[in-house]
Amino acid sequence: MAVWDDLVGQAKVEEQLAAAARDADALVTAHAAGEADPEASKMTHAWLFTGPPGSGVATAARAFAAALQCVSPDRALGGAPGCGFCTGCHTALVGTHADITTVAAVGAVVRVEDMRDTVRKSYTAPANGRWQVILVADAERLNEKSANAVLKAVEEPAPRTVWLLCAPSIEDVLPTIRSRCRHLNLRTPPVDAVADVLVRRDGIEPETAHAAARATQGHIDRARRLATDERARARRAAVLKVPLRVHDVGGCLKAAQELIDTATEDANQVAEEADTRETEELKAALGVGPGGRLPRGTAGVMKDLEADQKRRKKRTQIDSLDLALTDLTGFYRDVLALQLRSRTALANTDVRDAIERIAHDTTPERTLRRIEAVLACREALDRQVAPLLALEAMTLALRD
């Protein structure tokens, strides 16, 4: 399986990245000989991947990183990089390659201290790979200081370092950074393509795969989770009942609280496994055995880890709420489609009765106001408004 196989519906992007990976070795050789001509190469030192949620932005960046590190013997015979089986590809895809560093937001932002450490590493030679690859998973969350650190690195790059920045849109990245990157924009994969992947690679029944792909509107990761996780289906079902429960103030407040409780449960489930693993790894690195005490002077390290874990749990809760609000937006989109007699296929066919009832009892103007209320709630959460207050304001607006 080639590294590009997880890119669904992105043929043009795959073609561009494969061509760049083929040119990468020649560019390194030319740099060493002082003959590099970046304008003539399809490879460059900085890339910006953008696209809507579910389009596979991070997947594309990770696949490209793997192709750059590919050590398949077939390459000596003219084979394409990115075989998916060699040590370079495998370790890159699972996140253990020594020369691929991934930086993500801790909480709401990418911290400047993390970025400065990464920038320093970007100026070192690869340990055993072909390139030193820096993958910034949340480039839209760079604050002023961390963005300045990235800017300096992409302005004066090391000859064997490549930066891969991922963001929802090009406008989410500072102009000074994006102007120095080659931009690739991914599109939302077609529903049929996502369903086909779920059937072929995950062994999911075709009917279930199509329902999940349609419900998530082409978001492959969410579709896979919805098709394979009973808890995810139950949470989505609970969210889609909200429009039927906001007839009075009490129902609005209860619905908001239940959304918070569900998101908190999600965050706790994600955090429990990750926190335990990270804590044990840190203790092992510090030489602490089971039941042992931390060495003198290392308590601060453990406190820093706990603070990071707390921020991550809060971010996970917000992400879970955002997912619920996305489902809610899709519900009202279907309502509006019926009201306007659109030929657009409904995403939430499993709750068609509820959609038809609300479409009959309200007007398109009210539906648009409700969609605006959900979008306003998402923006409030992004501005770090208290989640319960934001959700209560939204559910009360849905009642109008």
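Residues numbered from 1 in each chain as written. Predicted model: local features only at pLDDT ≥ 70, side-chain atom pairs only at ≥ 80, totals over all residues. Heavy atoms only, no water.

What follows concerns the pattern of salt bridges. For the structure shown, the criterion picks out 18 salt bridges. Residue Asp6 is joined to Arg201 by a salt bridge in which the shortest nitrogen-to-oxygen separation is 2.6 Å. Taken together, the positions of Asp6 in the segment before helix 1 (11-33) and Arg201 in helix 7 (residues 191-202) put the pair 195 residues apart, joining distant regions of the chain. For Arg111, the salt bridge goes to Asp114, with nearest N and O atoms at 3.1 Å. (Salt bridge = Lys/Arg side-chain N within 4 Å of Asp/Glu carboxyl O. Helix = DSSP H or I, 4+ residues; strand = E, 2+ residues; numbered from the N terminus.)

Let us look at the sheet that holds strand 5 (residues 182-185). With respect to topology, 5 strands assemble into an open sheet ordered 2-3-4-1-5, the strand pairing being parallel. One side of each edge strand has no neighbouring strand; the edge strands of this open sheet are strand 2 (100-103) and strand 5. Each neighbouring strand pair of the sheet contributes to a mean axis angle of 15°, computed without reference to strand direction. The pairing of strand 3 (residues 132-136) with strand 4 (residues 161-167) spans 5 bridges and is classified as parallel. Note on strand 4: the bridge partner recorded for Val133 is Val162. (Pairing = 2+ DSSP bridges. Axes fitted to C-alpha atoms, helices over the stretch in contact; angles between N-to-C directions.)

With their axes 9 Å apart at the nearest point, helix 14 (residues 364-382) and helix 15 (residues 387-399) run at an angle of 175° to one another. Put simply, helix 14 runs roughly antiparallel to helix 15. From helix 14, Arg366, Arg370, Ala373, Val374, Cys377, Ala380 and Leu381 reach across to helix 15, where they touch Pro387, Ala390, Leu391, Met394, Ala397, Leu398 and Arg399. (Parallel < 35°, antiparallel > 145°, perpendicular 65-115°, else oblique. Contact = heavy atoms within 4.5 Å.)

What follows covers helix 13 (residues 352-361). Buried within helix 13 are the following residues: Ala354, Ile355, Ile358 and Ala359. Projected down its long axis, helix 13 carries its buried residues within an arc of 130°, all on one side. Along helix 13, exposed side chains directed more than 90 degrees from the buried face belong to Asp353, His360 and Asp361. Looking at the buried side of helix 13, the elements it contacts are helix 12 (299-339) and helix 14. (Buried < 20%, exposed > 50% of the residue type's maximum accessible area, 1.4 Å probe, protein only. Arc of directions from axis to C-beta.)

Checked against the element boundaries, Thr362 lands in the loop between helix 13 and helix 14. In this structure Thr362 comes out as buried when scored by relative accessible area, which is 13%. Here Gln339 takes part through its side chain, which lies 3.0 Å from a polar atom of the side chain of Thr362. In terms of polar contacts, Thr362 uses its side chain to reach the backbone carbonyl oxygen of Ile358, at 2.7 Å. Here Thr362 is in contact with Gln339, Thr367 and Arg370, once residues within four sequence places are set aside. (Polar contact = N/O pair within 3.5 Å; in protein donor to acceptor, adjacent residues only side chain to side chain.)

Turning our attention to the nonpolar core. Across soluble globular proteins, nonpolar side chains have a tendency to be buried as a group. Ranked by size, the top nonpolar core spans 36 residues in total, and within it Met43, Trp47, Phe49, Phe64 and Leu164 carry the most contacts. By residue number, the principal contributor to this core is helix 2 (residues 57-68), which donates 9 residues. Of all hydrophobic cores here, the second largest spans 33 residues; its members include Val335, Ala359, Ala390 and Met394. (Core = buried A, V, L, I, M, F, W, Y, C linked by side-chain atoms within 4.5 Å.)

As a further point, take unusual backbone geometry. Despite not being glycine, Gln217 has its phi angle at roughly 55°, a positive value. The topology assignment puts Gln217 in the loop between helix 8 (206-215) and helix 9 (220-228).

For the protein, mean pLDDT is 87; residues scoring 70 or higher make up 94% of the total. No element of the protein has a lower mean pLDDT than helix 1, at 80, and none a higher one than strand 1 (residues 46-50), at 96. (pLDDT = per-residue confidence, 0-100.)

This next bit is on the environment of Pro157. Here Pro157 lies in the loop between helix 5 (144-155) and strand 4. Accessibility expressed as a relative area gives 31% for Pro157, which makes it partly exposed. In the structure, Pro157 is positioned 112 residues away from His45 in sequence and 7.0 Å away in space, judged by C-alpha atoms.

Below, the discussion takes up the pairing of strand 1. Of all 5 residues making up strand 1, 5 are buried, and the element is well covered by its neighbours. In strand 1, alternate side chains face the same way, and those of Ala46, Leu48 and Thr50 on one face and Trp47 and Phe49 on the other are all buried. When strand 1 meets strand 4, the two strands line up parallel, connected through 5 bridges. In the sheet register, Trp47 faces strand 4, and the bridge partner there is Leu164. Pairing analysis gives 4 bridges linking strand 1 to strand 5, with the strands arranged parallel. From the neighbouring strand, Phe49 faces strand 5, where its bridge partner is Leu184.

A few words now on helix 10 (residues 230-239). Those residues of helix 10 lying buried are Ala232, Arg235, Arg236 and Val239. For helix 10, the buried positions fall inside an angular range of 100° around the axis, keeping them on one side. Structurally, the start of helix 10 carries an N-cap: the backbone nitrogen of Arg231 is 2.9 Å from a side-chain oxygen of Asp229.

A separate point is the side chain of Arg236. Along the chain, Arg236 falls in helix 10. Residue Arg236 is classed as buried on the basis of its relative accessible area of 8%. Residues contacting Arg236, with those up to four places away along its chain left out, are Ala215, Leu226, Asp327, Asn348 and Asp350.

Moving on to the packing of helix 4 (residues 112-122) against helix 5. Where helix 4 meets helix 5, the axes come as close as 8 Å, and the angle between the chain directions of the two elements is 10°. As far as their axial angle goes, helix 5 and helix 4 are roughly parallel. Each of Val112, Met115, Arg116, Val119 and Ser122 in helix 4 lies in contact with helix 5, whose residues at this interface are Lys145, Ser146, Ala149, Val150 and Ala153. Split by residue class, the contact of helix 4 with helix 5 holds 6 nonpolar, 2 polar and 2 charged. (Nonpolar A, V, L, I, M, F, W, Y, C, P; charged D, E, K, R; others polar.)

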